[in-house]
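Spelled out from the first residue to the last, the chains are:
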Amino acid sequence: MNLVTSSSSPTITAMRVIPVAGRDSMLLNLCGAHGPYFIRNLVLLESSDGRTGMGEVPGGEGILKALENALPLVLGTEVARYQRTLNAIRASHGAHTGSMQHQVSSAAEAALLRQPHEINLRLDNVITAVEAALLDLLGQHLDVPVCELPGAGQQRERVPMLAYLFYIGDS
């Protein structure tokens, strides 16, 4: 019996972080109403086999800068060893010492971060953007749906409804 003693997967050759803004209505939420625009950050990773993986998370200057700062930690890494890449990003934010520091880009962001429900600057968003793009690439490399990779794998064939209800406010 021949056992394979080593394996390889594609490596990351490029990373682009693209901030996106779109028009939004005055949707009511827990904190009042959404602003007139929604903002998101897209992460596009290109691999040595010519594929592109994508991740998407909430927008904001803090997450954008943190994602841009992660670029040297992501380039050249092996797709299948994505946890190493994510751990390097965590460590760059002090996660290994238990003293993670978020670098805010303005006094307004600092004020928002003090609110307990604020999600815009969590390190989790930075990790999620890169992880989703890496898992997208790994699924493509293995020719399996991404839902087969994490946790217990695919749980269902269809989801009957995935939505939440907002009330539209008077503009």
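What counts and what doesn't
Counting of residues starts from 1 at the beginning of each chain's written sequence and follows it residue by residue. Thresholds applied to this predicted model are a pLDDT of at least 70 for local features of residues and 80 or more for the giving and counting of side-chain atom pairs; totals over whole chains, interfaces and linings are not thresholded and use all residues. To get the side-chain values, all heavy atoms of the structure are used, and hydrogens and water are removed first. The definition of a nonpolar core used throughout is a set of buried Ala, Val, Leu, Ile, Met, Phe, Trp, Tyr and Cys residues joined through side-chain atoms within 4.5 Å. For each residue, the accessible area found with a 1.4 Å probe, counting protein chains only, is set against the maximum for its type, and the residue is called buried under 20%, exposed over 50%, and partly exposed in between. Per the convention used, a helix needs a DSSP run of H or I reaching at least four residues, while a strand needs a run of E reaching at least two, with both numbered from the N terminus. Residues count as neighbours in contact if any of their non-hydrogen atoms are within 4.5 Å of one another. Counted as salt bridges are all cases of a side-chain nitrogen of Lys or Arg within 4 Å of a carboxyl oxygen of Asp or Glu. Pairing between strands is defined by DSSP: at least two bridges between the two strands are required. The angle between two axes is taken between their N-to-C directions and runs from 0 to 180 degrees, where each axis is a line fitted to C-alpha atoms and a helix contributes only its stretch in contact.

Details of the nonpolar core
Ranked by internal contacts, the top residues of the largest apolar core, which has 26 residues, are V43, L45, L67 and V130. Every element with two or more residues in this core is listed here: β1 (12–23), β4 (37–47), α1 (61–74), α2 (82–92) and α4 (123–142). Here this core takes 10 residues from α4, the largest share from any one element. Apart from the residues within four sequence positions on either side, V43 is in contact with M15, R16, V17, G53, M54, G55, L67, A129 and A133.

Observations concerning the pattern of salt bridges
Taken as a whole and judged by the stated rule, the model has 3 salt bridges. Salt-bridge contacts for D49 lead to R51; the nearest nitrogen and oxygen are separated by 2.6 Å. The class of D49 is partly exposed, set by a relative accessible area of 35%. Among the residues examined, R51 registers a relative accessible area of 30% and is labelled partly exposed. Put simply, R81 and E78 hold a salt bridge, and the shortest N to O gap is 3.4 Å.

Some details on unusual backbone geometry
Notably, D143 is not glycine yet its phi reads approximately 60°, a positive angle. Turning to its location among the elements, D143 is positioned in the segment after α4. Among the residues examined, D143 registers a relative accessible area of 70% and is labelled exposed.

Comments concerning the environment of A88
Topologically, A88 is positioned in helix α2. Residue A88 is classed as partly exposed on the basis of its relative accessible area of 27%. Residues A88 and A70, 18 residues apart in the sequence, show an inter-C-alpha distance of 8.8 Å.

Describing the sheet that holds strand β5 (residues 52–58)
Within a sheet, adjacent strands bond to each other through the backbone by hydrogen bonds, running parallel or antiparallel. The strand order across the open sheet built from 3 strands is β1-β4-β5, with neighbouring strands paired in antiparallel fashion. The two strands at the open ends of the sheet, each matched to only one other strand, are β1 and β5. The average angle at which neighbouring strand axes cross in this sheet is 20°, direction not considered. By the bridge criterion, 11 bridges tie β1 to β4 in an arrangement that is antiparallel. Along β4, the bridge assignment pairs P19 with N41. Set on the sheet, α1 makes contact with β1, β4 and β5; between it and β1 the angle comes to about 170°. Seen against the sheet, α4 touches β1, β4 and β5 and runs at an angle of roughly 155° to β5.

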